[in-house]
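One-letter residues, chain by chain:
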Amino acid sequence: MSAVETPRFSQERLEEIQALVARYPGARSALLPVLHMAQEDFGYLSLDVQRHVAEVLGLTLIQVREVVTFYTMFREQPCGTYLMEVCTNASCMLNGADRLVRHMCDKLGIKVGETTPDGMFTVTEVECAGACGGAPVVQINNEYHENVDEAYIDRFIDEARGKGGKA
Amino acid sequence: MIPSDPKQVTQICFDRIRIPNQRRLEVARANGAYRFLPTVLNEFTPEKIIDEMKKSGLRGRGGAGFPTGLKWSFVPRDTGKPTYLLCNADEGEPGTFKDRDIMRYDPHLLIEGMIMAGFALNVRDAYIYIRGEFKREAEILNEAIREAYAANLLGENILGTGYTMHLTVHRGAGAYVCGEETALIESLEGKPGRPRYKPPFPAVEGFYRCPTVVNNVETLATVPAILEHGGDWHAAIGVQNSAGCKIFSVSGHVNKPGNYEVPMGTTLKTLIEEHCGGLRHGSVPKVVIPGGSSTPWLTAEHYEVPLTYDDMVKAGSMLGSGAIIVMDETTDVVAVTRRLSHFYAHESCGQCTPCREGTGWLERLMLKLEAGKATEQDLEVLSDAAEHMAGRTICALADGAAAPVLSMLKHFPDEVRARLVEKAA
Ligand SMILES: Cc1cc2nc3c(=O)[nH]c(=O)nc-3n(C[C@H](O)[C@H](O)[C@H](O)COP(=O)(O)O)c2cc1C
Ligand code: SF4
Ligand code: FES
């Protein structure tokens, strides 16, 4: 995860990417899945990572950049060990999502979009997560937590801190 | 088991959804999955399948309600180009969460439906475009697909019938507009998801400019039952012009939110009171958004409306994706509208001026109104902007953005006026 070395996919990943490309009429189609892999492997999509992805798929940097900036799941900046994405769209709002966001921010001493100084938690608001029957919904590192309340968040944060910052 | 008497049918897609481990091939097969597939591949012609689909009266469950059999019949057969089948699993319309349950609890139902659809359309390569956030659901689908390949239900020469189809799960990355079928195609080509001008329609020129059919998860998951029991059987379920069952995703202020599949024609009131345990406060809802956040609002006046395509239009709205958001008397409709306006402003792809500018205006004015700072004149601009966005753009996102604002102004003029700066002061 260190940003010092130039990021490179592992040999295993490269083979996976090759197999993936073969499933589409054109290599460019593999861009979104490969960016997901890159984000998983390198934490976020720095310009270096984007250059590497372009090279691996035989695309121009601009073709990669326009996709990275279009889609909200792709991040060009690092985030906390725990990325907590609260859905505040209609059904979650009707079930107290705004109160939940305020509670999380107060507890962590940050504003929406910020990361705690120890680099552990980032809180963001997101659009409908497609799980409104379990509102309010919080995605933590891409895992769905449903019917979340303040006590649940408190427990989660305390336990995460107890683990000393490892996700 | 789905009854062969159409009058006895109460659910189709969810028939096996509560069976533990139904996501595993072994269990799914023991409960009838893929049972009828060999008959379809060996004995049905593509023409017969399309004919049964037309007879079935099935209409697309993704939102637009377009007749599925008719859509399939538009695909040209002699272009010399491959035909692609894309399953729309983007599920981004606020309030909608039905496709997720099919995919995570009964993925083989979707896969079977896609094989049958693919066979009817002479498809070699099919894709499931699933919203990026559904990572777990994508993993479940991938596991189910691995099992299906191992059992020769997918891949080369399926079950020795000579038909070959490959199926790939493709994750999006967070963009509501990619649920629009031409934006989905752009996205699947590795580009930003900006909707295309139509015509040409995807059936003629879609994925890599080849004939392409895009269908919603629930639509495709209905195919196996239709082919097994026949188009006439399906047409006899539900009511005229709204055949079959429909999954309704109910959320908001009800006691038991969740997905409920019921025969079309069931009333909104029955769904909310008998299935969802009624409202949290009061006896009638203040607002019901019946088909996802992009559809016009209904109020208490329409509480007994039958859930059908036609009755929804008569009531001034749309059945949409079947996502019902219920709001009780405690709801601040101005705040909800402001939140939805933010959503559309955030999700507009920016290609069309009325949408790009209009969604921004709506959000700014709604923020002002919510804060008690809007004037009479602001209200006029708000209503004007909303009225002029709809119908003038490449895709329907702009119409969806206008719907909540116009609904709020229409149904709650007094509440809105009470928030104006003169009154609020
Ligand atoms: C802005 C926008 C978002 C859409 N999102 C979805 C979606 O998430 N899922 C879906 O199935 N259809 C969605 N649609 C509808 C699709 O364009 C298309 O009509 C549908 O996938 C066709 O499948 P069906 O005929 O089986 O319903 C959306 C349409 C628009 C305009
Ligand atoms: S209506 Fe809006 S979202 Fe749709 S194509 Fe135009 S700008 Fe993009
Ligand atoms: S509104 Fe929050 S998950 Fe749909």
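Residues numbered from 1 in each chain as written. Chains lettered and ligands numbered in written order. Predicted model: local features only at pLDDT ≥ 70, side-chain atom pairs only at ≥ 80, totals over all residues. Heavy atoms only, no water.

Undergrad: Just to check I follow, could you spell out the sheet that holds strand β1 (residues 82–87) of chain A for this structure?
TA: Where strands meet in a sheet, backbone hydrogen bonds hold them as pairs that are either parallel or antiparallel. Residue and element names in this part refer to chain A. In space, the 4 strands of this open sheet follow the order β2-β1-β3-β4, with mixed pairing throughout. Two strands in the sheet have a free side with no partner beyond their single neighbour: β2 (121–126) and β4 (143–145). Adjacent strand axes in the sheet meet at a mean angle of 25 degrees, parallel and antiparallel pairs treated alike. For β1 and β2, the ladder comprises 6 bridges, and the chain directions are parallel. Within β2, the position partnered with cysteine 87 by the bridge is valine 126. Contacts from helix α7 (residues 150–162) reach β1, β2, β3 (138–140) and β4, with the element oriented near 170 degrees to β1. (Pairing = 2+ DSSP bridges. Helix = DSSP H or I, 4+ residues; strand = E, 2+ residues; numbered from the N terminus. Axes fitted to C-alpha atoms, helices over the stretch in contact; angles between N-to-C directions. Contact = heavy atoms within 4.5 Å.)

Undergrad: Even after reading the chapter, I still don't get the site of ligand 1, so can you show me in this structure?
TA: All names here are of chain B. In the vicinity of ligand 1, 17 residues are found, and the nearest of them are Gly62, Asn88, Asn215, Asn216 and Thr219. A distance of 3.0 Å separates an oxygen atom of ligand 1 from a polar side-chain atom of lysine 71. For ligand 1, whose accessible area on its own is 620 Å², the fraction buried by protein is 90%. Residues of the shell around ligand 1, tallied by class, amount to 3 nonpolar, 8 polar and 6 charged. (Near = heavy atom within 4 Å. Polar contact = N/O pair within 3.5 Å; in protein donor to acceptor, adjacent residues only side chain to side chain. Areas by Shrake-Rupley, 256 points an atom, 1.4 Å probe, with all protein chains shown as cover. Nonpolar A, V, L, I, M, F, W, Y, C, P; charged D, E, K, R; others polar.)

Undergrad: I tried to follow the domain arrangement of chain A on my own but got confused; where do I start?
TA: A common way to express how large an interface is: the accessible area buried when the components associate. As far as domains go, chain A holds domain 1 (11–68) and domain 2 (82–162). The gap between the C-alpha centroids of domain 1 of chain A and domain 2 of chain A is 30 Å. (Domains from an automatic or database assignment.)

Undergrad: Any chance you could explain unusual backbone geometry here in plain terms?
TA: In this chain, Ala135(A) is followed by Pro136(A) through a cis amide linkage whose omega measures -5 degrees. Relative to the helices and strands, Pro136(A) resides in the loop between β2 and β3. At Asn21(B), a position not held by glycine, the phi torsion is positive, near 60 degrees. Here Asn21(B) lies in the segment before α1 (25–30). Non-glycine residue Asn152(B) carries a positive phi angle of around 60 degrees. For Asn152(B), the position within the fold is in the loop between α7 (135–150) and β3 (166–171).

Undergrad: Explain the pairing of strand β1 (residues 83–89) of chain B here, please?
TA: Consecutive side chains along a regular strand alternate between the two faces of the sheet. All names here are of chain B. With 7 of 7 residues buried, β1 lies mostly within the body of the structure. Sheet analysis places β1 next to strand β2 (residues 123–130), joined by 7 bridges and oriented parallel. Residue tyrosine 84 lies in a different strand from β2, and its bridge partner there is aspartate 125. Bridging between β1 and strand β4 (residues 212–216) involves 5 bridges; their strand directions are parallel. Each residue of the ladder has a partner; that of leucine 86, found in β4, is valine 214. (Buried < 20%, exposed > 50% of the residue type's maximum accessible area, 1.4 Å probe, protein only.)

Undergrad: So what exactly am I meant to see when it comes to the site of ligand 2 here?
TA: All names here are of chain B. Around ligand 2, the neighbouring residues are Val177, Pro195, Ser348, Cys349, Gly350, Gln351, Cys352, Cys355, Thr393, Ile394, Cys395 and Leu397. Mapping ligand 2 onto the cavity grids shows that it belongs to the largest cavity. For the shell around ligand 2, the per-class residue count stands at 8 nonpolar, 4 polar and no charged. (1 Å grid on protein atoms, 1.4 Å probe; cavity = no way out; pocket = protein on both sides within 12 Å on 5 of 7 lines; lining within 4 Å. Sits in = over half its atoms within 2 Å of the grid points.)

Undergrad: Help me understand empty space enclosed by the protein in this model?
TA: Vacant regions in the atomic arrangement are exposed by a probe of water-molecule size rolled over the atoms. All names here are of chain B. Scanning the entire structure with this criterion turns up 1 cavity of 30 Å³ or more. Within this model, the largest cavity holds a volume of roughly 90 Å³. Contributing to the lining of the largest cavity are 13 residues, with Cys349, Cys352, Cys355, Cys395 and Leu397 lying nearest its centre. (Points joined across faces, edges and corners; volume = space filled by probe spheres on them.)

Undergrad: Looking at this structure, how should I read the side chain of Thr116(A)?
TA: Along the chain, Thr116(A) turns up in the loop between α6 (97–108) and β2. What Thr116(A) contacts, discounting residues up to four positions off in sequence, is Leu108(A), Ile110(A) and Phe121(A).

Undergrad: How should I be thinking about a nonpolar patch on the surface in this particular structure?
TA: Residue and element names in this part refer to chain B. On the surface, Phe66, Leu70 and Phe74 cluster together into a nonpolar patch covering about 260 Å² of accessible area. Structurally, the position occupied by phenylalanine 74 is in the loop between α4 (68–73) and β1. Residue classification places phenylalanine 74 among the partly exposed positions, given a relative accessible area of 45%. (Patch = residues over 30% accessible without salt bridge, like charges linked within 9 Å, V, L, I, M, F, W, Y side chains within 5 Å. Salt bridge = Lys/Arg side-chain N within 4 Å of Asp/Glu carboxyl O.)

Undergrad: What is the right way to look at the packing of aromatic side chains in this model?
TA: One pair of aromatic rings is described through two measures. These are the centre distance and the angle between the planes. Evaluated as defined, the whole model comprises 17 aromatic pairs over all chains. For the pair Tyr82(A) and Phe121(A), a centre-to-centre distance of 5.5 Å together with 25 degrees between the ring planes defines the contact as stacked. One end of the pair, Tyr82(A), is in strand β1; the other, Phe121(A), is in strand β2, and 39 residues separate them in sequence. The exposure class assigned to Tyr82(A) is buried, which follows from its relative accessible area of 4%. With a centroid separation of 6.0 Å and 50 degrees between ring planes, the pair formed by Tyr144(A) and Phe134(B) is classed as tilted. With Tyr144(A) in strand β4 and Phe134(B) in the loop between β2 and α7, this pair bridges two chains. On the accessibility criterion, Tyr144(A) (16% relative accessible area) is buried. Connected via pairs of aromatic rings, a cluster forms that spans Tyr24(A), Tyr84(B), Tyr127(B), Phe207(B) and Tyr208(B). The ring of Tyr144(A) carries the charged tip of Arg100(B) above its face, separated from the ring centre by 4.8 Å. (Phe/Tyr/Trp six-rings, centres within 6.5 Å; stacked < 30°, edge-to-face > 60°. Lys NZ or Arg CZ within 6 Å of the ring centre and 35° of its normal.)

Undergrad: Hey, could you run me through the sheet that holds strand β10 (residues 323–327) of chain B in this one?
TA: All names here are of chain B. With respect to topology, 4 strands assemble into an open sheet ordered β8-β7-β10-β9, the strand pairing being mixed. Each having just a single partner strand, β8 (258–263) and β9 (287–289) make up the two edges of the open sheet. Here the average twist between neighbouring strands, direction ignored, is 25 degrees. Relative to β10, β9 runs antiparallel, the two sharing 3 bridges. Residue pairing in the sheet places valine 287 in a bridge with methionine 327 of β10.

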